[in-house]
Amino acid sequence: MKKIGLLVIIAALAVVFFYFDLHKLLTLDGLKSGLDTFEAWRAESPLLIGGAFLILYVIVTALSLPGAAIMTLAAGALFGLGWGLLIVSFASSIGATLAFLVSRYLLQDTVQKRFGDRLKAFNEGIEKEGAFYLFTLRLVPIFPFFLINLLMGLTTIRAFTFYWASQLGMLAGTFVYVNAGTQLGQLDSLSGILSPPLLLSFVLLGVFPLIAKKLINLIKARRVYAGYTKPKTFDRNLIVIGGGAGGLVSAYIAAAVKAKVTLIEAHKMGGDCLNYGCVPSKAIIKSAKIAQQMRNAENYGLESSEPTFSFKKVMARVHDVVSKVEPHDSVERYTSLGVDVVQGYAKLIDPWTVEIQLNEGGTKRMTARSIVLATGARPFVPPLPGLDDVGYYTSDTLWEEFAKFDEPPKRLVVLGGGPIGSELAQSFARLGSNVTQVERGERIMIREDQEVSELVQKSMRADGVNILTSHNAVRCEKEGDVKRLIVEKAGVESVIEFDALLCAVGRQARLEGYGLENLGIETDRNIVTNDYLETLYPNIYAAGDVAGPYQFTHVAAHQAWYTAVNALFGTFKKFRADYRVIPWATFVDPEVARVGLSEQEAKEQGIAYEMVRYEFDELDRAIAESATKGFVKVLTVPGKDKILGVTIVGEHSGDLLAEFVLAMKHGLGLNKILGTIHTYPTWAESNKYAAGEWKRAHTPERILSWLEKYHTWRRG
Ligand SMILES: Cc1cc2nc3c(=O)[nH]c(=O)nc-3n(C[C@H](O)[C@H](O)[C@H](O)COP(=O)(O)OP(=O)(O)OC[C@H]3O[C@@H](n4cnc5c(N)ncnc54)[C@H](O)[C@@H]3O)c2cc1C
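Residues numbered from 1 in each chain as written. Predicted model: local features only at pLDDT ≥ 70, side-chain atom pairs only at ≥ 80, totals over all residues. Heavy atoms only, no water.

## Observations regarding helix α25 (residues 685-697)
Our working rule: Helix and strand definitions follow DSSP, with helices as H or I runs of at least four residues and strands as E runs of at least two, each counted in order from the N terminus. By definition here, a helix of n residues has an expected span of 1.5 Å times n minus one. Throughout, exposure labels follow a simple rule: accessible area from a 1.4 Å probe, protein chains only, divided by the maximum for the residue type, with under 20% read as buried, over 50% as exposed, and the rest as partly exposed. Contact criterion: two residues are considered in contact whenever any of their non-hydrogen atoms come within 4.5 Å of each other.
If you check α25, its first and last C-alpha atoms are 19 Å apart, about what 13 residues at 1.5 Å a residue would give, namely 18 Å. Of all the residues in α25, the buried ones are Glu685, Ser686, Asn687, Ala690, Ala691, Gly692 and Trp694. Looking at the buried residues of α25, the elements they touch are β18 (610-615), β19 (631-636), β20 (643-649), α23 (653-665) and α24 (670-674).

## Side note on the sheet that holds strand β11 (residues 482-489)
What counts, and what does not: Any two strands with at least two DSSP-identified bridges between them are counted as paired. Only the stretch in contact is used when fitting a helix axis, every axis being a line fitted to C-alpha atoms; angles between N-to-C directions are given from 0 to 180 degrees.
One open sheet holds the 3 strands; their spatial order is β10-β11-β12, and the pairing between them is antiparallel. The sheet is open, and its two edges are formed by β10 (472-479) and β12 (492-498), each paired on a single side. Direction aside, neighbouring strands of the sheet carry axes that sit 25 degrees apart on average. As paired strands, β10 and β11 are joined by 7 bridges and run antiparallel to one another. Residue pairing across strands places Glu477 opposite Arg484, the latter belonging to β11.

## Structural notes on the packing of aromatic side chains
Heads up, the rule is: Pairs were defined over the aromatic rings of Phe, Tyr and Trp, the Trp ring being its six-membered one, requiring ring centres within 6.5 Å. Orientation was assigned from the angle between planes: stacked under 30 degrees, edge-to-face over 60, tilted for the rest.
Here the structure, examined in full by the defined rule, presents 21 aromatic pairs. Seen in terms of ring centroids, Tyr225 and Tyr537 are 5.6 Å apart; in terms of plane orientation they differ by 50 degrees. Their pairing is tilted. Of this pair, Tyr225 sits in helix α9 (residues 196-225) while Tyr537 sits in the loop between α19 (516-519) and β15 (540-542), and the two are 312 residues apart along the sequence. Each member of the pair, Tyr225 as well as Tyr537, carries the same accessibility label: buried. Seen from their ring centres, Tyr393 and Phe405 are 6.3 Å apart, and the 85 degrees between their planes marks the pair as edge-to-face. Here the residue Tyr393 occupies a position in the loop between α15 (387-390) and α16 (398-402), and Phe405 occupies one in the loop between α16 and β7 (411-415), the gap between them amounting to 12 residues. Relative accessible area serves as the criterion here: at 18%, Tyr393 is assigned to the buried category. Since its relative accessible area comes to 23%, Phe405 is described here as partly exposed.

## Concerning the environment of Ser470
Along the chain, Ser470 falls in the loop between β9 (466-468) and β10. Setting aside anything within four residues of it in sequence, one finds Ser470 in contact with Glu439, Arg440, Gly441, Glu442, Glu488 and Lys489.

## Section: the nonpolar core
We apply this condition: The term nonpolar core refers to a set of buried residues drawn from Ala, Val, Leu, Ile, Met, Phe, Trp, Tyr and Cys, joined through side-chain atoms within 4.5 Å.
In this structure, Ile284, Phe402, Leu412, Phe428, Val435 and Met460 are the most contacted members of the largest nonpolar core, which totals 32 residues. For this core, the secondary-structure elements that each account for two or more residues are α12 (278-295), α13 (311-325), α16, β7, α17 (419-430), α18 (450-462) and β13 (500-503). Among all residues touching Phe402, those that are not within four sequence positions of it are Phe311, Met315, Tyr393, Pro409, Leu412, Phe428 and Ala500. If you look at the next biggest cluster of nonpolar residues, it comprises 29 residues, including Ala368, Leu373, Leu511 and Leu516.

## Quick word on the site of the ligand
What counts is decided by this rule: We call a residue near a given molecule or strand whenever any one of its heavy atoms falls within 4 Å of it. We call two N or O atoms a polar contact when they sit within 3.5 Å, provided that within protein one can donate a hydrogen and the other can accept it, with sequence-adjacent residues counted only if both atoms are side-chain atoms. To measure how exposed things are, a 1.4 Å probe is used in the Shrake-Rupley method; for residues, cover is taken only from the protein chains shown. Classes in brief: Ala, Val, Leu, Ile, Met, Phe, Trp, Tyr, Cys and Pro nonpolar; Asp, Glu, Lys and Arg charged; the others, Gly included, polar.
Gly246, Glu265, Lys282, Asp545 and Thr553 are the nearest of the 39 residues found near the ligand. One of the side-chain nitrogen or oxygen atoms of Lys282 is found 2.8 Å away from an oxygen atom of the ligand. Backbone polar atom of Phe552 to an oxygen atom of the ligand: 3.3 Å apart, as the coordinates give it. Contact with the protein chains hides 94% of the accessible area of the ligand, taken as 990 Å² for the molecule alone. Elements with a minimum of two residues in the shell around the ligand: α10 (245-256), β2 (261-265), α11 (271-275), α12, β3 (340-350) and α20 (553-569). Considering only residue class, the shell around the ligand consists of 16 nonpolar, 16 polar and 7 charged.

## Thoughts on the sheet that holds strand β17 (residues 592-596)
Strand order in this open sheet of 5 strands is β16-β17-β20-β19-β18, and the pairing throughout is antiparallel. The open sheet is flanked by β16 (583-586) and β18, the only strands paired with a single partner. Each adjacent strand pair in this sheet contributes to an overall mean axis angle of 10 degrees, direction not counted. One ladder, built from 5 bridges, connects β17 with β20; its direction is antiparallel. Bridged to Val595 within β20 is Val646.

## Quick word on unusual backbone geometry
Look at the link from Gly548 to Pro549: it is a cis peptide, with omega at 0 degrees. Take Pro549: it is sitting in the loop between β15 and α20. Along the chain, Tyr680 connects to Pro681 via a cis peptide bond; the corresponding omega equals -10 degrees. Residue position: Pro681 is located in the loop between α24 and α25. In the Ramachandran plot, Ser470 falls in the positive-phi region, its phi being about 55 degrees despite a non-glycine side chain. For Ser626, which is not glycine, the phi torsion reads 45 degrees and is therefore positive.

The values are spatial; any link to function lies outside them.
Right under this line is the structure:
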């Protein structure tokens, strides 16, 4: 009841304010036209007018009415800088606190009761850092003050803290506005506009938010770096830890712009992609595909035959491919590019110092103004009872270990139905292993649309992969030489005997052992970074798998650009990492490629879309190559040709996607793709035909019926 009473009073005061047109007074024109009268009143009884002004200011802010900014200018014009600042500083803080208390009284209980659980972390943050948050919000006025008053009332911050942090935080801004107001009073002729003090006041108004932001960053940095002594000079501009895609590109860019950069790699240059990931997996996929094509040679008018081959040679080719790519990422190449490469294990000592356990023995310390962490990820090994006893492989060990075999494992279990598990399960099945793939989810490649998973599953099953979806791996058992995996589905256990087990259930960021803990660098699944890829310490950046959220070589390289540029030139301009258009491909057969939204995601996120499809069984080139499985599926904004997302399933889909990636990145719609000449007969024509499908679905029927009439008339 009391709350309703308070609401009625507030509403009544607001009605009075607008009914008597007081809001018109609180505009720049209103202020200027009344300035002479106000001046006369103030000259007659300064105390009374000063007091009345203060009370009015309190009421306006307490009721969250518009006009506080104009009143601040007016305070300068009427009372001068000193008194104006004093009056407004107190009036605005008292008014803001009253608004805060009203909001707290009316709404805090309800909000905390309803959303308390979800607000827990926020409340804890407010309790610890509330004064600083508020101070920041007051100093950099990106949100309207009245909103801050009302929202802060819903939090658990103490009223006194709110008061003093507001008064302190608003002081600089109030000064700038009141000072501008003092000049406003003297604006009595056109030439006055150009008077230096007035110009300076307005320049101050403009640059104030920028200066305030710098100040906040400075305060934040001081808090983070407290307890460390920053070196007076640095050995390097940049130290990059990790020689995978992320680290290599960061170091490359730094050297290209003539910075002194050291790249530290503990193991193999090129990181996971070259040595254990993309490169060896794509090499084995190719051998396996040829083997399968031999089995299906009759599709091409040839005799089908069971491929005969030496598995050792297949694996030797994989290593050969890796060694052919190796020079691109080698120490020699990077040294020649101007990067100082050090082989050893790096550890952060403080925000600017890195200690290296050199591979050749001994340690070395060096300092840098900025550091990029590109330490990557490693395969996640599930805590499965008995797993260590039976032994297992991961993408880290598989290439070396399988190369020792004369034959592929007879019975191979692949744990995991993601991209890596699916690519390898299909390849080893094609190379002759009896593969069972175990996936906990209801389908493999769960990030893609259901129909995509189904098409891939069908194809892999046809290749002989026994795909067990909705199956949980429970434990492993060993009896003599016999190894078993026990899986469970809907409460029923079953047993899979195997010769080799490959864990491909995901990859976890490398977060331990190199100093993150000592420096208190925040981590969750990855190193926590802001939009500029800065960690807790603004001079330490993270890129690639260790930073997330995507685990792709091209994303690591993309992030690397931002880390290098922000680290070296961030004092002048920083760039936010841009994840709007991220493509990826899974190199199963049929290949799956995607950029932007899938249909499933659009539905889950409630995003309106239209969809067109083009099937490869209509494409001349696909027919000529007897490879008609798959489709191009494009999601667009309803009624427009703007692309929201594309999924391509089929031969070369990873390559075909590039055209859509370019279009999305540069805002080109399907009409532009349709208007582009595509060579006949190529796979790329499918992109144009998908655009054609969209056009057909958007034919202007009315114009066509007019055209029909026109042609009829022309025939006479
Ligand atoms: C089987 C498989 C297939 C894949 N296929 C593809 C694909 O087709 N396409 C794709 O885009 N991605 C693919 N990926 C993912 C890709 O490999 C990764 O996204 C990429 O390697 C990430 O690069 P990075 O620089 O973040 O990390 P990494 O390549 O892991 O490099 C990190 C490096 O840091 C080093 N390091 C770590 N800590 C330290 C330290 N303290 N001191 C010194 N050095 C350190 C490590 O030794 C490592 O070399 C695949 C991955 C796997 C496993």
